[in-house]
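Chain residues, written in single-letter form:
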Amino acid sequence: MLELTDITAGYDRGSPVVRDVSLRVAPGEAVGLLGPSGCGKSTLARVAALLHRPERGSVVVDGQAAPGWRHRAPRALRTAFGVVFQQPRLAADPRLRLADLIAEPLRANGGRGEAAERLAELVPRVGLSPELLGRRPHEVSDGQLQRACLARALILRPRWLICDEMTAMLDASTTAALVAVVEECRRMTGAGLLAVGHDRVLLERWCDRTVRWEALAGDAAAVR
């Protein structure tokens, strides 16, 4: 279970963008988080993935409260998450070839010897051709780069996937292809999914249930 309880978070101390929000994702469950731009849903997603420390509240992963954030989190917790962000060019090191970009989490966590095998498995699955692997981010399209970022998120076989507006910059065919990849990997691994977005139709078709941001914020306001 991934449990976020009474999360208050922001980027300026004392000016949170998320206040007292709670959310649960069960193992193997796909939960959509629907809300308008700027409401705080991406901040909550970063907290869920242990990438942003909240001012208050707790994140519990498989019964274990997160003892740290980002590089201070234990490796077993850090590697339990795969994250895909909205803007691939901001999430990709421009110096890396796509092959190195995809394999980066594996090599950072002692799995260098598995890189070739995992690349051979993931690259065709996400729809990249082998010749693209030698290119750098500025040499490929946004859709191709997002495919590489998805492969990077999947390479450690995470137990939890956080897709934060993953398809917002993509056309309909690429969106359908990447959602299909996520679902195939979830069927194979049993991973839970938190999909953040503002496209109600997509989230309701993709996810087991969709939670509206106004409902989360409204519940928190009612408690206060």
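Here, the structure is the one placed above.
Conventions and cut-offs
- Residues numbered from 1 in each chain as written.
- Predicted model: local features only at pLDDT ≥ 70, side-chain atom pairs only at ≥ 80, totals over all residues.
- Heavy atoms only, no water.
- Core = buried A, V, L, I, M, F, W, Y, C linked by side-chain atoms within 4.5 Å.
- Buried < 20%, exposed > 50% of the residue type's maximum accessible area, 1.4 Å probe, protein only.
- Helix = DSSP H or I, 4+ residues; strand = E, 2+ residues; numbered from the N terminus.
- Contact = heavy atoms within 4.5 Å.
- Axes fitted to C-alpha atoms, helices over the stretch in contact; angles between N-to-C directions.
- Parallel < 35°, antiparallel > 145°, perpendicular 65-115°, else oblique.
- Left-handed = near helix turned anticlockwise from the far one by under 90°.
- Nonpolar A, V, L, I, M, F, W, Y, C, P; charged D, E, K, R; others polar.
- Pairing = 2+ DSSP bridges.

**Regarding the nonpolar core**
Next up, step 1: One finds Leu 98, Ile 102, Leu 150, Met 166, Val 182, Leu 193 and Trp 206 to be the most contacted residues of the largest nonpolar core, which totals 41 residues.
Next up, step 2: Taken together, the elements giving at least two residues each to this core come down to strand 3 (30-34), helix 4 (98-108), helix 5 (115-126), helix 6 (142-154), strand 7 (160-164), helix 7 (172-189), strand 8 (192-197) and helix 8 (200-206).
Next up, step 3: Filtering out sequence-adjacent residues up to four positions away, Leu 193 remains in contact with Val 25, Glu 29, Ala 30, Val 31, Leu 161, Cys 163, Val 182, Glu 183, Arg 186 and Trp 206.
Next up, step 4: Within the second largest apolar cluster, 33 residues are counted, among which are Val 25, Val 83, Val 211 and Trp 213.

**A few points about unusual backbone geometry**
Next up, step 1: A positive phi angle is found at Arg 70, which is not glycine, with a value near 50°.
Next up, step 2: Relative to the helices and strands, Arg 70 resides in the loop between strand 5 (64-65) and helix 2 (75-78).
Next up, step 3: Of note in this structure, Arg 157 is not a glycine but carries a positive phi near 50°.
Next up, step 4: Relative accessible area serves as the criterion here: at 45%, Arg 157 is assigned to the partly exposed category.

**Side note on the packing of helix 5 against helix 6**
Next up, step 1: The interhelical angle for the contact between helix 5 and helix 6, taken along N-to-C directions, is 135°, at an axis separation of 10 Å. Judged by the angle between their axes, helix 5 and helix 6 are oblique. When the axes of helix 5 and helix 6 are compared, the crossing they make is right-handed. For the pair formed by helix 5 and helix 6, the contact residues are Arg 118, Leu 122 and Val 126 on the first element and Arg 147, Ala 151 and Leu 154 on the second.
Next up, step 2: Per-class residue counts for the contact of helix 5 with helix 6 are four nonpolar, no polar and two charged.

**Details of the sheet that holds strand 2 (residues 18-25)**
Next up, step 1: The strand order across the open sheet built from four strands is 2-1-4-5, with neighbouring strands paired in antiparallel fashion. Sheet topology places strand 2 and strand 5 at the edges, where each strand pairs with a single neighbour.
Next up, step 2: For strand 1 (residues 2-9) and strand 2, the ladder comprises five bridges, and the chain directions are antiparallel. Bridge pairing in strand 2 links Leu 4 to Leu 23.
Next up, step 3: The sheet strands contacting helix 1 (residues 41-48) are strand 1, strand 2 and strand 4 (56-61), and the helix crosses strand 1 at an angle near 125°.

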